[in-house]
Amino acid sequence: MKTYQLVGIGNAVGDVITQCNDAFLTEKNIEKGIMQLVEQDRSAELYEAMGESVQTPGGSVANTIAGAGALGLDAAFIGRVCDDDLGQFYAKAMQDDGIDFVNPPVANGDLPTSRCMIFVTPDAERSLNTYLGISSELSSDDVPTEVAGNAQIMFLEGYLFDKDKGKTAFMEAARAARAGGGKAGISISDPFCVERHRDDFLSLIKNELNFVIGNEDEMKALFQTDDLDEALQKTASICDLVVCTRSADGVSVVESGKRVDIATKKITAIDTTGAGDQFAAGFLFGMATGRDVEICAKMGCVAAAEVISHIGPRPETDVKVLFEQAGLL
């Protein structure tokens with residue numbers, strides 16, 4: 001049975017990215033800077049309103065897995081797409097990127113493949129409007145035990161917490177990975193996810209996971225505090241490894257109670273879409289290849305800096321070369 005260095009479970013979402021101004025957001029009643037869930041009709045309306053756009057297979061953890069695969073990790077992604085045009089594009093694009101797309105497109109699916117329309121304003125802020133479609137129906141049936149049980153690292157996406165069957169799939173996947181000698185962790189995904197499912201998040205982190213990755217707003221939301229230091233301390237009390245991205249202020253990592261803060265170089269962002277996803281890709285590459293957490297965090301920062309330098313959520317240059325230039329390899 002094949003062993004994977006990294007396996008991700010998440011929403012398989014086709015990303016459609018366009019640039020616009022703030023007036024367009026106002027005209028279309030798009031709330032700036034956050035992810036909003038939309039229904040199928042609203043999705044079609046916004047899609048029609050988009051101008052020139054870039055289409056790519058997306059989803060937070062899918063972007064992370066693709067980034068890690070591009071760095072050379074043997075990686076797989078578990079997610080649901082419909083056997084429609086977008087679903088076929090998605091599955092082929094992941095395979096073309098060297099990622100094992102574990103689940104074939106679902107034939108005769110009741111729901112279409114998920115998509116996210118991303119509007120990027122001149123200040124590089126992104127506003128996401130996501131139609132979840134079939135991806136949110138992921139359940140334990142979609143998670144082969146032989147894949148989860150042979151993962152060196154299992155990485156889960158918090159967005160899938162909105163349905164009970166997604167939570168169950170996560171729990172079973174994490175247990176299978178750990179039973180096989182691997183580690184399991186989660187991307188918190190969004191503070192709104194935490195607010196909807198705080199108790200379940202905390203229970204999963206405490207009882208089933210080895211690590212958690214999130215930004216400062218997400219970390220604060222876990223324990224309903226405005227004090228980041230308090231949030232990190234409390235999260236570290238229930239999880240061995242806590243990784244908190246802080247935008248231009250760098251990264252804070254707490255491993256077994258010991259905190260390390262890593263500064264980042266300030267650069268002008270073109271598009272922040274995928275910054276957290278590619279940070280995770282760099283960090284998990286470091287974990288999978290035996291680096292210490294400080295090097296892992298620095299790798300994450302390099303990967304994030306690359307992706308915010310252009311439009312789109314995935315790297316356009318060889319990030320491994322950037323690691324070498326930064327003295328990280």
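Everything discussed here concerns the structure shown above.
From a predicted model like this one, the values you see are computed outputs, not experimental measurements.

Student: Sorry, what's going on with the layout of surface pockets here?
Tutor: Leftover empty space is mapped by rolling, across the atoms, a probe with the size of a water molecule. The space that makes up the second largest pocket amounts to roughly 210 Å³. Lining the second largest pocket are Pro 57, Ala 66, Gly 67, Ala 70, Leu 71, Ala 93, Asp 97, Arg 314, Pro 315, Thr 317, Asp 318 and Val 319. No other element matches helix H3 (residues 60–70), which puts three residues into the lining of the second largest pocket.

Student: Please clarify how the packing of aromatic side chains should be interpreted in this entry.
Tutor: Centre-to-centre distance and the angle between the planes together describe a pair of aromatic rings. Tallying each qualifying case throughout the model produces eight aromatic pairs. Ring centres of Phe 161 and Phe 170 lie 5.7 Å apart, and the angle between their planes is 50°; this geometry places the pair in the tilted category. Given the relative accessible area of 0%, Phe 170 is considered buried. One aromatic cluster is present, built from ring pairs that chain together Phe 77, Tyr 90 and Phe 101.

Student: How should empty space enclosed by the protein be read in this particular structure?
Tutor: Scanning the entire structure with this criterion turns up one cavity of 30 Å³ or more. Reported here for the largest cavity is a volume of approximately 40 Å³. Of the residues contributing to the lining of the largest cavity, the split by class is three nonpolar, one polar and two charged.

Student: What is the right way to read the sheet that holds strand S4 (residues 54–58) from this model?
Tutor: Hydrogen bonding along the main chain pairs the strands of a sheet, whether they run parallel or antiparallel. The mixed open sheet is built from five strands, whose spatial order is S3-S8-S7-S2-S4. Edge positions in the open sheet fall to strand S3 (35–37) and S4, since each of these has one partner strand only. Neighbouring strand axes in the sheet, compared pairwise and without regard to direction, differ in orientation by 25° on average. Strand contacts of helix H4 (residues 85–96): strand S2 (13–19), S4 and strand S7 (114–120), with the helix running at about 70° to S4, the strand carrying the most contacts.

Student: What is the right way to look at the pattern of salt bridges in this model?
Tutor: Note that side chains of opposite charge can pair when their charged atoms are close. All told, the structure shown has 20 salt bridges when counted by the stated rule. A salt bridge links Arg 80 to Asp 142; the shortest N-O distance between them is 3.1 Å. On the criterion of sequence distance, the pair formed by Arg 80 in the loop between strand S5 (75–78) and H4 and Asp 142 in the loop between strand S8 (126–131) and helix H5 (145–148) is long-range, its members being 62 residues apart. Both residues of the pair, Arg 80 and Asp 142, count as buried. Each of Asp 229, Arg 246, Arg 259 and Asp 261 takes part in one network of salt bridges that share partners.

Analysis parameters
Residues numbered from 1 in each chain as written. Predicted model: local features only at pLDDT ≥ 70, side-chain atom pairs only at ≥ 80, totals over all residues. Heavy atoms only, no water. 1 Å grid on protein atoms, 1.4 Å probe; cavity = no way out; pocket = protein on both sides within 12 Å on 5 of 7 lines; lining within 4 Å. Points joined across faces, edges and corners; volume = space filled by probe spheres on them. Helix = DSSP H or I, 4+ residues; strand = E, 2+ residues; numbered from the N terminus. Phe/Tyr/Trp six-rings, centres within 6.5 Å; stacked < 30°, edge-to-face > 60°. Buried < 20%, exposed > 50% of the residue type's maximum accessible area, 1.4 Å probe, protein only. Nonpolar A, V, L, I, M, F, W, Y, C, P; charged D, E, K, R; others polar. Pairing = 2+ DSSP bridges. Axes fitted to C-alpha atoms, helices over the stretch in contact; angles between N-to-C directions. Contact = heavy atoms within 4.5 Å. Salt bridge = Lys/Arg side-chain N within 4 Å of Asp/Glu carboxyl O.

Geometry only, nothing functional implied.
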